[in-house]
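Notes for the structure review
Take a look at the letters that make up each chain.
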Amino acid sequence: LEDIFTYEFIRQPFDKKKWTQITEKAIQVIENGRKRIYVSEPIPQSTPGSLIKKIVGLSYKDFINDPDHDILMLYITSNNTQWRDFKPSYINFVKEFNRTGKTFLKFGWIYLDRNSSEEPFPYIPSIPHLELFPAKNKSKHEMIRGGKSRDNIVRFLKNKCMEKFP
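From a predicted model like this one, the values you see are computed outputs, not experimental measurements. (Residues numbered from 1 in each chain as written. Predicted model: local features only at pLDDT ≥ 70, side-chain atom pairs only at ≥ 80, totals over all residues. Heavy atoms only, no water.)

Details of the overall build of the protein chain
Along its length, the protein chain carries five helices and five strands. Going from N to C terminus, the protein chain has its helices and strands arranged as α-α-β-α-β-α-β-β-β-α. The C-alpha atoms of the protein chain give 22 Å as radius of gyration, which overshoots the globular expectation for 166 residues (15 Å, by more than 25%). Taken along its principal axes, the extent of the C-alpha atoms in the protein chain is 70 × 35 × 30 Å. The proportion of buried residues among the 166 residues of the protein chain is 35%. Contacts in the protein chain between residues at least 24 apart in sequence constitute 67% of all its contacts with a sequence separation of at least 6. A total accessible area of about 10,800 Å² is found for the protein chain, and carbon and sulfur atoms account for 51% of it. (Helix = DSSP H or I, 4+ residues; strand = E, 2+ residues; numbered from the N terminus. Rg over C-alpha atoms; globule rule 2.2 N^0.38 Å. Buried < 20%, exposed > 50% of the residue type's maximum accessible area, 1.4 Å probe, protein only. Contact = heavy atoms within 4.5 Å. Areas by Shrake-Rupley, 256 points an atom, 1.4 Å probe, with all protein chains shown as cover.)

Here it is as C-alpha coordinates:
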(Lines give C-alpha, C1' and ligand atoms only; values in the text may rest on other atoms or scores of the structure.)
Protein backbone atom coordinates (compact mmCIF):
# COMPACT_ATOMS: atom_id res chain seq x y z
CA LEU A 1 0.00 0.00 0.00
CA GLU A 2 3.04 2.23 -0.14
CA ASP A 3 1.82 3.50 -3.50
CA ILE A 4 -1.37 4.76 -1.80
CA PHE A 5 0.02 6.07 1.49
CA THR A 6 3.01 7.75 -0.15
CA TYR A 7 5.72 9.51 1.80
CA GLU A 8 4.62 12.83 0.31
CA PHE A 9 1.02 12.24 1.41
CA ILE A 10 1.95 11.27 4.97
CA ARG A 11 4.17 14.35 5.36
CA GLN A 12 1.25 16.71 4.64
CA PRO A 13 -0.74 18.28 7.49
CA PHE A 14 -3.65 16.06 8.54
CA ASP A 15 -6.78 16.56 6.44
CA LYS A 16 -9.73 14.40 7.46
CA LYS A 17 -11.32 14.44 3.99
CA LYS A 18 -8.10 13.44 2.18
CA TRP A 19 -7.32 10.71 4.73
CA THR A 20 -10.84 9.31 4.41
CA GLN A 21 -10.57 9.19 0.61
CA ILE A 22 -7.14 7.56 0.67
CA THR A 23 -8.17 5.06 3.35
CA GLU A 24 -11.28 4.10 1.35
CA LYS A 25 -9.08 3.60 -1.71
CA ALA A 26 -6.73 1.36 0.32
CA ILE A 27 -9.64 -0.71 1.64
CA GLN A 28 -10.96 -1.13 -1.89
CA VAL A 29 -7.55 -2.35 -3.10
CA ILE A 30 -7.33 -4.83 -0.22
CA GLU A 31 -10.86 -6.14 -0.80
CA ASN A 32 -10.38 -6.53 -4.56
CA GLY A 33 -6.93 -8.02 -4.25
CA ARG A 34 -3.96 -6.72 -6.12
CA LYS A 35 -2.16 -8.43 -8.92
CA ARG A 36 1.58 -7.97 -8.77
CA ILE A 37 3.10 -6.25 -11.75
CA TYR A 38 6.27 -7.72 -13.20
CA VAL A 39 8.78 -6.02 -15.48
CA SER A 40 9.18 -7.69 -18.84
CA GLU A 41 10.59 -6.98 -22.23
CA PRO A 42 8.10 -7.63 -25.05
CA ILE A 43 7.80 -11.29 -26.05
CA PRO A 44 10.15 -11.67 -29.04
CA GLN A 45 9.10 -13.15 -32.36
CA SER A 46 10.20 -16.75 -32.76
CA THR A 47 13.33 -16.95 -34.88
CA PRO A 48 13.38 -20.02 -37.16
CA GLY A 49 16.55 -22.02 -36.73
CA SER A 50 17.49 -20.30 -33.49
CA LEU A 51 19.08 -22.77 -31.12
CA ILE A 52 18.86 -20.61 -27.99
CA LYS A 53 15.50 -19.02 -27.22
CA LYS A 54 15.35 -15.50 -25.80
CA ILE A 55 13.09 -15.60 -22.75
CA VAL A 56 11.44 -12.56 -21.16
CA GLY A 57 9.54 -12.11 -17.91
CA LEU A 58 6.17 -12.91 -19.53
CA SER A 59 7.40 -16.19 -21.10
CA TYR A 60 9.79 -17.35 -18.34
CA LYS A 61 7.37 -19.44 -16.25
CA ASP A 62 5.98 -21.39 -19.22
CA PHE A 63 9.43 -21.99 -20.68
CA ILE A 64 11.13 -23.42 -17.59
CA ASN A 65 8.06 -25.50 -16.65
CA ASP A 66 7.99 -27.45 -19.92
CA PRO A 67 7.37 -31.01 -18.61
CA ASP A 68 8.78 -32.71 -21.70
CA HIS A 69 12.23 -31.13 -21.77
CA ASP A 70 15.18 -30.49 -19.55
CA ILE A 71 15.80 -26.74 -19.67
CA LEU A 72 19.25 -25.16 -19.50
CA MET A 73 18.61 -21.53 -18.64
CA LEU A 74 21.27 -18.84 -18.96
CA TYR A 75 20.89 -15.69 -16.83
CA ILE A 76 22.82 -12.61 -17.91
CA THR A 77 22.82 -8.84 -17.50
CA SER A 78 23.50 -6.12 -20.03
CA ASN A 79 27.11 -5.14 -20.60
CA ASN A 80 28.55 -8.03 -18.58
CA THR A 81 32.17 -8.69 -19.54
CA GLN A 82 32.19 -12.29 -18.25
CA TRP A 83 29.22 -13.08 -20.54
CA ARG A 84 31.03 -11.60 -23.55
CA ASP A 85 34.01 -13.87 -22.78
CA PHE A 86 31.83 -16.97 -22.25
CA LYS A 87 29.39 -16.40 -25.13
CA PRO A 88 31.42 -17.99 -27.99
CA SER A 89 32.09 -21.22 -26.09
CA TYR A 90 28.45 -21.43 -24.94
CA ILE A 91 27.08 -20.93 -28.47
CA ASN A 92 29.52 -23.54 -29.82
CA PHE A 93 28.39 -25.99 -27.12
CA VAL A 94 24.72 -25.47 -28.07
CA LYS A 95 25.52 -25.98 -31.77
CA GLU A 96 27.48 -29.13 -30.93
CA PHE A 97 24.55 -30.51 -28.90
CA ASN A 98 22.04 -29.75 -31.65
CA ARG A 99 24.16 -31.59 -34.24
CA THR A 100 23.62 -34.79 -32.20
CA GLY A 101 19.91 -34.72 -33.15
CA LYS A 102 18.84 -35.04 -29.52
CA THR A 103 15.81 -32.94 -28.53
CA PHE A 104 15.39 -33.58 -24.79
CA LEU A 105 17.26 -30.39 -23.84
CA LYS A 106 16.11 -26.85 -24.61
CA PHE A 107 18.23 -23.73 -24.20
CA GLY A 108 17.02 -20.31 -23.08
CA TRP A 109 18.51 -17.02 -21.93
CA ILE A 110 17.13 -13.98 -20.11
CA TYR A 111 18.34 -10.51 -19.16
CA LEU A 112 17.94 -10.23 -15.39
CA ASP A 113 18.18 -6.45 -15.42
CA ARG A 114 15.26 -6.10 -17.87
CA ASN A 115 12.84 -8.77 -16.63
CA SER A 116 11.11 -10.18 -13.58
CA SER A 117 8.59 -12.98 -13.36
CA GLU A 118 5.77 -14.47 -11.34
CA GLU A 119 7.99 -17.56 -11.12
CA PRO A 120 10.93 -16.50 -8.93
CA PHE A 121 14.40 -16.68 -10.41
CA PRO A 122 16.76 -19.15 -8.71
CA TYR A 123 19.56 -18.04 -6.42
CA ILE A 124 22.14 -16.43 -8.69
CA PRO A 125 25.56 -15.97 -7.06
CA SER A 126 27.32 -14.69 -10.19
CA ILE A 127 26.71 -13.64 -13.78
CA PRO A 128 26.58 -15.36 -16.21
CA HIS A 129 24.61 -18.07 -14.44
CA LEU A 130 23.47 -21.46 -15.78
CA GLU A 131 20.62 -23.39 -14.17
CA LEU A 132 19.24 -26.78 -15.20
CA PHE A 133 15.51 -27.42 -14.74
CA PRO A 134 14.97 -31.20 -15.05
CA ALA A 135 11.98 -32.30 -17.13
CA LYS A 136 10.24 -34.44 -14.52
CA ASN A 137 10.93 -32.38 -11.40
CA LYS A 138 11.21 -28.64 -12.00
CA SER A 139 11.51 -27.92 -8.28
CA LYS A 140 14.80 -29.85 -8.27
CA HIS A 141 16.60 -27.31 -10.42
CA GLU A 142 20.33 -26.98 -9.94
CA MET A 143 23.00 -24.43 -10.81
CA ILE A 144 26.09 -25.38 -12.75
CA ARG A 145 28.99 -24.83 -10.39
CA GLY A 146 32.58 -24.27 -11.33
CA GLY A 147 34.07 -22.61 -14.35
CA LYS A 148 32.05 -21.56 -17.34
CA SER A 149 33.52 -23.89 -19.93
CA ARG A 150 32.22 -26.43 -22.42
CA ASP A 151 33.81 -29.32 -20.54
CA ASN A 152 32.30 -28.27 -17.22
CA ILE A 153 28.82 -27.95 -18.78
CA VAL A 154 29.11 -31.39 -20.44
CA ARG A 155 30.33 -33.01 -17.21
CA PHE A 156 27.40 -31.52 -15.29
CA LEU A 157 24.73 -32.44 -17.87
CA LYS A 158 25.98 -36.03 -18.18
CA ASN A 159 25.01 -36.55 -14.54
CA LYS A 160 21.79 -34.53 -14.45
CA CYS A 161 19.81 -34.84 -17.70
CA MET A 162 16.75 -37.08 -18.09
CA GLU A 163 18.28 -38.90 -21.07
CA LYS A 164 21.79 -40.10 -21.71
CA PHE A 165 23.81 -37.08 -22.63
CA PRO A 166 25.72 -37.56 -25.94
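On we go from here.
Quick look at the nonpolar core
Counting 24 residues, the largest nonpolar core has Leu-72, Tyr-90 and Leu-157 as the members making the most contacts within it. Every element with two or more residues in this core is listed here: strand E2 (70–76), helix H4 (81–99), strand E3 (105–111), strand E4 (129–133) and helix H5 (150–160). If one sorts the elements of this core by residue count, H4 sits on top with six residues. Listed in part, the ten residues of the second largest apolar core include Met-73, Tyr-75, Leu-112 and Phe-133. (Core = buried A, V, L, I, M, F, W, Y, C linked by side-chain atoms within 4.5 Å.)

Details of the side chain of Asp-70
By secondary structure assignment, the location of Asp-70 is in strand E2. Lacking a salt bridge, the buried Asp-70 has Lys-138 as its closest oppositely charged neighbour, with an N-O distance of 5.8 Å. Engagement of the side chain of Asp-70 in a polar contact is seen with the backbone nitrogen of Ala-135, the distance being 2.7 Å. For Asp-70, the residues in contact, after removing those within four places along its chain, are Phe-104, Leu-105, Lys-106, Leu-132, Phe-133, Pro-134, Ala-135, Cys-161 and Met-162. (Lys, Arg positive; Asp, Glu negative; His and termini not counted. Salt bridge = Lys/Arg side-chain N within 4 Å of Asp/Glu carboxyl O. Polar contact = N/O pair within 3.5 Å; in protein donor to acceptor, adjacent residues only side chain to side chain.)

A look at unusual backbone geometry
Between Ile-127 and the following residue, Pro-128, the backbone shows a cis peptide bond with an omega angle of 0°. With respect to the element layout, Pro-128 can be found in the loop between E3 and E4. One non-glycine residue, Asn-79, lies in positive phi territory at about 55°. Here Asn-79 is to be found in the loop between E2 and H4. We classify Asn-79 as exposed; its relative accessible area is 71%.

Quick word on the packing of H4 against H5
Close contact between H4 and H5 brings their axes to 9 Å; oriented N to C, the two are set at 45°. Our classification of the angle between H4 and H5 gives oblique. Residues Phe-86, Tyr-90, Phe-93 and Glu-96 of H4 lie in contact with H5, whose contacting residues are Arg-150, Ile-153, Val-154 and Leu-157. Looking at the contact of H4 with H5, its residues break down into six nonpolar, no polar and two charged. (Axes fitted to C-alpha atoms, helices over the stretch in contact; angles between N-to-C directions. Parallel < 35°, antiparallel > 145°, perpendicular 65-115°, else oblique. Nonpolar A, V, L, I, M, F, W, Y, C, P; charged D, E, K, R; others polar.)

With respect to the layout of surface pockets
Estimates place the volume of the largest pocket at around 430 Å³. Along the walls of the largest pocket sit 22 residues, with Ser-46, Ser-50, Ile-52, Lys-53 and Lys-54 positioned nearest its centre. Going through the elements one at a time, strand E1 (52–54), helix H3 (57–64), H4 and E3 are the ones with two or more residues in the lining of the largest pocket. For the lining of the largest pocket, the leading source of residues is E3, giving four residues. Its residues assigned to classes, the lining of the largest pocket shows ten nonpolar, seven polar and five charged. (1 Å grid on protein atoms, 1.4 Å probe; cavity = no way out; pocket = protein on both sides within 12 Å on 5 of 7 lines; lining within 4 Å. Points joined across faces, edges and corners; volume = space filled by probe spheres on them.)

Some points on the sheet that holds E1
Taking strand neighbours across the sheet as the criterion, the five strands line up as E1-E3-E2-E4-E5 in an open arrangement whose pairing is mixed. Since the sheet does not close on itself, it has two edges, and those belong to E1 and strand E5 (142–143), each with one partner. Running at roughly 160° to E3, H4 makes contact with E1, E2, E3 and E4 of the sheet. Set on the sheet, H5 makes contact with E2, E3, E4 and E5; between it and E4 the angle comes to about 15°. (Pairing = 2+ DSSP bridges.)

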